[in-house]
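Close look at the chain arrangement
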Amino acid sequence: MNFPRIHDPELTLLTPDDDVANPEVTILVPSLNEELTIGTFVDWCREGIAASGAAVEILIVDSSTDRTPEIARDRGARVLRTPKRGLGRAYIDAIPYVRGKFIIMGDADCTYDFRQIAPFIEAFRKGADFVMGSRFKGSIEDKAMPPLHRYFGTPLTTWILNRMFSSRFSDIHCGMRGISVDALLRMDLRSQGWEYASEMVLKSVHMELPTTEVPIHFLKDPEGRLSHMKRRGWMEPWRAGWRNLQAMFVYGFDFFLIWPGFLLLALGLIIMLPLLAGPMSIGGVRFSSNAMLFAMALAVLGQSMLVSAAIGRVIFDYSGHVQSRFERLLPYNATIWGSVVAVLAGVFLAVPLFDSYVGNGYLLPEIGIETNWAVFGLWLIITAFQIFISGLMIRALGVMLPIKKPAPPLAG
């Protein structure tokens, strides 16, 4: 798959003498001052390519100040020279230069064994659009992963993501992964740094991509190499972890809204509806207008959370199915007239309280059943407004958001 070159004077493509023609797969790897490992890494890739029997190109996205790009090119890799502006941005910059239908990603530090790429290619050919490597299903060399990452950070964040999205990943931070170019284009990555990894996993779930995991071998850093994480100091793993959690919360904010929203709305209605018949006592505890006001607040908060969750679901809906379901649930004409009826009913329920107010010489009357009716009527008016506006917003999002639409093929 060839893409039109985007003219960017900051990007330069270096091609090797024995360039691959019409590759099926692109090994796409960023590098930054990997002079010590890049030669071995490219050699490993070539071993993996030979073992797979596939046509595969190696594309290194490089921002180094040492000899990394020259070594990579001399060993047979394409090198895209870019400014240093973030790991996620490196993948974004490289997309127009990818020629394969599928991409295998990783690191150039020889910690991921690219001599074993055949399982990724096999998974692609069987129909997977997203292939995650799993260090926990494969092997982790002694001292390759700090205990804090191996036994706490990675299992915890993987568990959180699986709970939030009902997914079944075993290693969401594995850097060796694969994706089809079509899926990557539709994914529309935005993250500029480390958090791109979580964004990719989360969007793969939202997109309902055919996904599988393959076991991989994770190796310790070669002798003499200091990882980029360690170069940035002992706080960097915590910063990276927080950025990944932030990405989860941003792309999965509806997780915090749906069930709490249902619970609050249900609790509010359970209290409000019986009180329409007037004050009541349960076990010596009296419930009256104060309870009615409290219940209305619960119901309004709950339905506001549900409306926000619905809008979030539409924002992250790549298939269009979610939007279609909401549009069927809230048909335009029925939503408008239903809202009008709810508002009129709310006004009607408030009339007795207003009548008592006028009849009492414009002084507040004693609190009675009319107050409960008026509170419920106010809730009906608020609900009608929220449903009406949310129906319009969902339709507007369908018109405005290109994120939902598959990206058209880029003509070469």
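Before going into details, it helps to say that this report is about the structure given with it. (Residues numbered from 1 in each chain as written. Predicted model: local features only at pLDDT ≥ 70, side-chain atom pairs only at ≥ 80, totals over all residues. Heavy atoms only, no water.)

**Side note on the nonpolar core**
The biggest cluster of nonpolar side chains holds 79 residues, and the ones touching the most others in it are Ile27, Phe41, Ile60 and Phe114. The biggest single contributor to this core is helix H1 (residues 38–52), with six residues. Setting aside anything within four residues of it in sequence, one finds isoleucine 60 in contact with Val29, Ser31, Ile38, Phe41, Ala72, Ala77, Arg78, Val79 and Leu80. One finds Ala291, Met292, Ala295 and Phe376 within the second-largest nonpolar core, a separate group that totals 14 residues. (Core = buried A, V, L, I, M, F, W, Y, C linked by side-chain atoms within 4.5 Å. Buried < 20%, exposed > 50% of the residue type's maximum accessible area, 1.4 Å probe, protein only. Helix = DSSP H or I, 4+ residues; strand = E, 2+ residues; numbered from the N terminus. Contact = heavy atoms within 4.5 Å.)

**Some thoughts on the packing of aromatic side chains**
A complete count under the given rule lists ten aromatic pairs for this structure. Taking the centre distance of 5.1 Å and the plane angle of 45° together, the rings of tyrosine 112 and phenylalanine 218 count as tilted. Here tyrosine 112 is found in the loop between strand E5 (102–105) and helix H4 (118–125), whereas its partner phenylalanine 218 is found in strand E8 (residues 211–218), with 106 residues between them in sequence. Summarising the burial analysis for this pair, tyrosine 112 and phenylalanine 218 share the class buried. The interplanar angle of 80° and the centroid separation of 5.4 Å between the aromatic rings of phenylalanine 249 and phenylalanine 256 together place this pair among those described as edge-to-face. What makes phenylalanine 249 partly exposed here is its relative accessible area of 33%. The partly exposed category is assigned to phenylalanine 256, whose relative accessible area is 40%. Put simply, the rings of Phe249, Phe255 and Phe256 touch in pairs and so form one group of aromatic residues. If you follow arginine 135 out to its NZ or CZ, it ends over the ring of phenylalanine 218, 5.0 Å from the centre. (Phe/Tyr/Trp six-rings, centres within 6.5 Å; stacked < 30°, edge-to-face > 60°. Lys NZ or Arg CZ within 6 Å of the ring centre and 35° of its normal.)

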